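# Structural characterization, general
Here is how the chains run, residue by residue.
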Amino acid sequence: NAGVTQTPKFRVLKTGQSMTLLCAQDMNHEYMYWYRQDPGMGLRLIHYSVGEGTTAKGEVPDGYNVSRLKKQNFLLGLESAAPSQTSVYFCASSYWRTGLSPGGYTFGSGTRLTVV
Amino acid sequence: EDQVTQSPEALRLQEGESSSLNCSYTVSGLRGLFWYRQDPGKGPEFLFTLYSAGEEKEKERLKATLTKKESFLHITAPKPEDSATYLCAVQGGGNKLTFGTGTQLKVEL
């Protein structure tokens, strides 16, 4: 039972380079999310998806794009990396149900990205 | 806009010394308040969900409580393995969580 798997775990990019972070979940969850975590800032939502083929902007979407072509995968892209995007990125998923979600989110183990 | 404030930012306890972590929140239509534990280099791990004022949940040495304005995470007789960052989050009208910045707990022998 893998849960939420993120690849890669670590990456160093040069300013202006592009890359894609992959998130895969095997729990058949409808909702998927990308967060970034910075010291003193907490977890901030970048983009999220409420189902296959749908995406929406979160709190800090600028400089990022996402795609959800398959229900189990959620990709986060950086088209032209900037040093301000140095952060730890977490993917999470949750299931949809009318009313309350009893378990909140299941998180991946994170991708540590450094942009130099 | 939903907001979550956690205090203290850092807490150092001796093994067996009980204490509480605070999570104050403002949210439009609370659907759930969540506590997570995060170990260094790992993703947050779910601990509890609370839905309404007066609700309490327990797991081993941890007990979470909820009022209309705040939640407490009580740690009874902590052990070194309880050292971690504890995150609080609220879910409002949508299905998105708003997180606090966490309390970094260190339990020493």
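Here, every reference points to the structure presented above.
The following paragraphs examine the structure supplied in this document. (Residues numbered from 1 in each chain as written. Chains lettered and ligands numbered in written order. Predicted model: local features only at pLDDT ≥ 70, side-chain atom pairs only at ≥ 80, totals over all residues. Heavy atoms only, no water.)

### Regarding the overall build of chain B
Operational definition: Numbering goes from the N terminus for both helices and strands, where a helix is a DSSP run of H or I of at least four residues and a strand is a run of E of at least two. Throughout, the radius of gyration refers to the C-alpha atoms, and the reference size of a globule is 2.2 Å times the residue count to the power 0.38. Under the scheme applied here, a residue whose accessible area is under 20% of the maximum for its type counts as buried, over 50% as exposed, and between as partly exposed, the area being computed with a 1.4 Å probe on protein chains only. Two residues qualify as a contact provided that any one of their heavy atoms is within 4.5 Å of a heavy atom in the partner residue. Using the Shrake-Rupley algorithm and a 1.4 Å probe, accessible areas are obtained, with residue cover drawn only from the displayed protein chains. In this tally, Asp and Glu contribute negative charge and Lys and Arg positive charge; neither His nor the terminal groups of the chain are included. The atoms used to mark charge sites are NZ of Lys, CZ of Arg, CG of Asp and CD of Glu.
Each helix and strand in chain B was counted, giving 0 helices and 11 strands. Taken from N to C terminus, the helices and strands of chain B fall in the order β-β-β-β-β-β-β-β-β-β-β. For 109 residues, the compact-globule estimate of 2.2 N^0.38 gives 13 Å, and the C-alpha radius of gyration of chain B, at 13 Å, lies within 12% of that figure. When the 109 residues of chain B are sorted by exposure, 45% land in the buried category. Pairs at least 24 apart in sequence give 55% of the contacts found in chain B among residues at least 6 apart. Looking at chain B as shown, the accessible area adds up to about 5300 Å², and 46% of this sits on carbon and sulfur atoms. Considering chain B, the positive charge centre built from 13 side chains and the negative charge centre built from 15 side chains are found 4 Å apart.

### Re the overall build of chain A
Each helix and strand in chain A was counted, giving 0 helices and 11 strands. Walking chain A from its N terminus toward its C terminus, one meets helices and strands in the order β-β-β-β-β-β-β-β-β-β-β. Its C-alpha atoms give chain A a radius of gyration of 14 Å, within 12% of the compact-globule value 13 Å for 116 residues. Along the first, second and third principal axes, the C-alpha atoms of chain A reach 45 × 30 × 25 Å. Burial analysis of chain A (116 residues in total) assigns 47% to the buried set. In chain A, of all internal contacts separated by at least 6 residues, the share reaching a separation of at least 24 is 56%. For chain A, the accessible surface area stands at approximately 5600 Å², while carbon and sulfur atoms represent 54% of it. A gap of 6 Å separates the mean positions of the 11 positive and 7 negative side-chain charges of chain A.

### As for the environment of A:Ser94
Residue and element names in this part refer to chain A. Within the secondary structure layout, Ser-94 lies in strand β9 (residues 87-94). Among the residues examined, Ser-94 registers a relative accessible area of 1% and is labelled buried. C-alpha separation for the pair Ser-94 and Gln-25, spaced 69 residues apart in sequence, amounts to 9.8 Å.

### Digging into the interface of chain A and chain B
Rule in force here: Joining two parts hides part of their accessible area as seen by a 1.4 Å probe, and the buried area is that hidden amount summed over both. Throughout this description, the term salt bridge denotes a Lys or Arg side-chain nitrogen within 4 Å of a carboxyl oxygen of Asp or Glu. Between N or O atoms, a polar contact is any pair within 3.5 Å; within protein, one atom must be a potential hydrogen donor and the other a potential acceptor, and residues adjacent in sequence are included only when both atoms are from side chains. Residues are grouped as follows: Ala, Val, Leu, Ile, Met, Phe, Trp, Tyr, Cys and Pro are nonpolar; Asp, Glu, Lys and Arg are charged; every other residue, Gly included, is polar.
Each partner contributes to the interface: chain A provides 22 residues, whereas chain B provides 18 residues. When chain A packs against chain B, close to 1600 Å² is buried across both sides, 55% of that on carbon and sulfur atoms. At the boundary of chain A with chain B, the tally comes to 0 salt bridges. At the boundary of chain A with chain B, the tally comes to 4 residue pairs in polar contact (both at pLDDT 80 or more). At the level of elements, β4 (31-38), β5 (42-49) and β9 of chain A are the ones that each hand at least two residues to the side of chain A that touches chain B. Among the residues making up the side of chain A that touches chain B, the classes are represented as 12 nonpolar, 10 polar and no charged.

### Considerations on the pattern of salt bridges
Applying the stated criterion to the full structure yields 8 salt bridges over all chains. Each of A:Arg36, A:Asp38 and A:Arg44 takes part in a single network of salt bridges with overlapping partners.

### With respect to the pairing of strand β9 (residues 84-91) of chain B
Residue and element names in this part refer to chain B. Counted only if it meets this: Whether two strands pair comes down to DSSP finding at least two bridges between them.
Where burial is concerned, most of β9 is hidden: 7 out of the 8 residues are buried. In this structure, strand β4 (residues 32-38) lies alongside β9, joined through 7 bridges in antiparallel fashion. Of the residues in β9, the one forming a bridge with Arg-37 is Tyr-86. Where β9 and strand β11 (residues 103-108) come together, 3 bridges link them in antiparallel fashion. In the strand pairing of β11, Tyr-86 is matched with Thr-103.

### Thoughts on the sheet that holds strand β1 (residues 4-7) of chain A
Residues and elements named next belong to chain A. Basically, it comes down to this: Axis angles are defined between N-to-C directions and span 0 to 180 degrees, where every axis is a line fitted to C-alpha atoms and, for a helix, only to the segment in contact.
Judged by pairing direction, the sheet is antiparallel, and its 4 strands sit side by side in the order β1-β3-β8-β7 without closing on themselves. Of all the strands in the sheet, just β1 and β7 (64-67) have a single pairing partner and so form its edges. Neighbour to neighbour, the strand axes of the sheet diverge by 20 degrees on average, direction disregarded. The sheet contact formed by β1 and strand β3 (residues 19-25) spans 4 bridges and is antiparallel. The partner of Thr-5 across the bridge, within β3, is Ala-24.

### Regarding the pairing of β11(B)
All names here are of chain B. Only one face of β11 is covered, namely the one carrying Thr-103, Leu-105 and Val-107; the face carrying Gln-104, Lys-106 and Glu-108 has none of its residues buried. Of the pairings in the sheet, the one linking strand β2 (residues 10-14) to β11 comprises 5 bridges and is parallel in character. Within the sheet, the bridge partner assigned to Arg-12 lies in β11 and is Lys-106.

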